[in-house]
Amino acid sequence: MRSIALVALALAGCQQAQKADDRICLTAPAEIAPGDMKACVHKWAYRLAQSSDPAETVAKAVATACNDVANYAAKKQGGTDQEIFENYASARHIAETDALFRVVQARAGRCNVP
């Protein structure tokens, strides 16, 4: 009987250790509006954060996952082809920076995957 109680206590501790830290985590969006880079990065960073790859590598993968969103946002801003390209490049750079933060945040807080 005592061993069953110890096993139950150990399992409870494991389950508690997996709980997301709401002081660190923010709720990631379930859906992404067209052109919403921040939501896309947040969602994919939390989803991919559990990878064993370095955070920088995961952040680049997140930015790539949001490539269509960056392209849409750049085209929506309009302008010449050069301006659209510059807007796209800027969105990608911001996405990688934000993604790195979100990946580290998700890992540190054991944040829930949307």
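Here, every reference points to the structure presented above.
Note that the coordinates shown come from a computational prediction; the quantities given were computed from them, not determined experimentally.

Draft legend 1. Just the side chain of D21, in detail. Within the secondary structure, D21 is located in the loop between helix 1 (2-17) and helix 2 (37-48). A distance of 2.8 Å separates the side chain of D21 from the side chain of R23, its partner in a polar contact.

Draft legend 2. The arrangement of the packing of helix 2 against helix 3 (residues 55-65) in detail. For the pair helix 2 and helix 3, the least separation of the axes is 9 Å and the interaxial angle reads 135°. Taken as axis vectors, helix 2 and helix 3 run oblique relative to one another. Note on packing geometry: the crossing formed by helix 2 with helix 3 is right-handed. Here C40, V41, W44, A45 and L48 of helix 2 come into contact with helix 3, specifically with V58, A61, V62 and A65. Here the contact of helix 2 with helix 3 is composed, by residue class, of 9 nonpolar, no polar and no charged.

Draft legend 3. Here's a closer look at the pattern of salt bridges. For the structure shown, the criterion picks out 2 salt bridges. Between D21 and R23 there is a salt bridge; the shortest N-O distance is 2.8 Å. The class for D21 is buried, based on a relative accessible area of 13%. The class for R23 is exposed, based on a relative accessible area of 73%. Measuring nitrogen to oxygen at the nearest pair gives 3.9 Å for the salt bridge that ties R92 to E96. Residue R92 and its partner E96 are located together in helix 5 (residues 81-109), separated by 4 residues, close to a single helical turn.

Definitions and limits used
- Residues numbered from 1 in each chain as written.
- Predicted model: local features only at pLDDT ≥ 70, side-chain atom pairs only at ≥ 80, totals over all residues.
- Heavy atoms only, no water.
- Helix = DSSP H or I, 4+ residues; strand = E, 2+ residues; numbered from the N terminus.
- Polar contact = N/O pair within 3.5 Å; in protein donor to acceptor, adjacent residues only side chain to side chain.
- Axes fitted to C-alpha atoms, helices over the stretch in contact; angles between N-to-C directions.
- Parallel < 35°, antiparallel > 145°, perpendicular 65-115°, else oblique.
- Left-handed = near helix turned anticlockwise from the far one by under 90°.
- Contact = heavy atoms within 4.5 Å.
- Nonpolar A, V, L, I, M, F, W, Y, C, P; charged D, E, K, R; others polar.
- Salt bridge = Lys/Arg side-chain N within 4 Å of Asp/Glu carboxyl O.
- Buried < 20%, exposed > 50% of the residue type's maximum accessible area, 1.4 Å probe, protein only.

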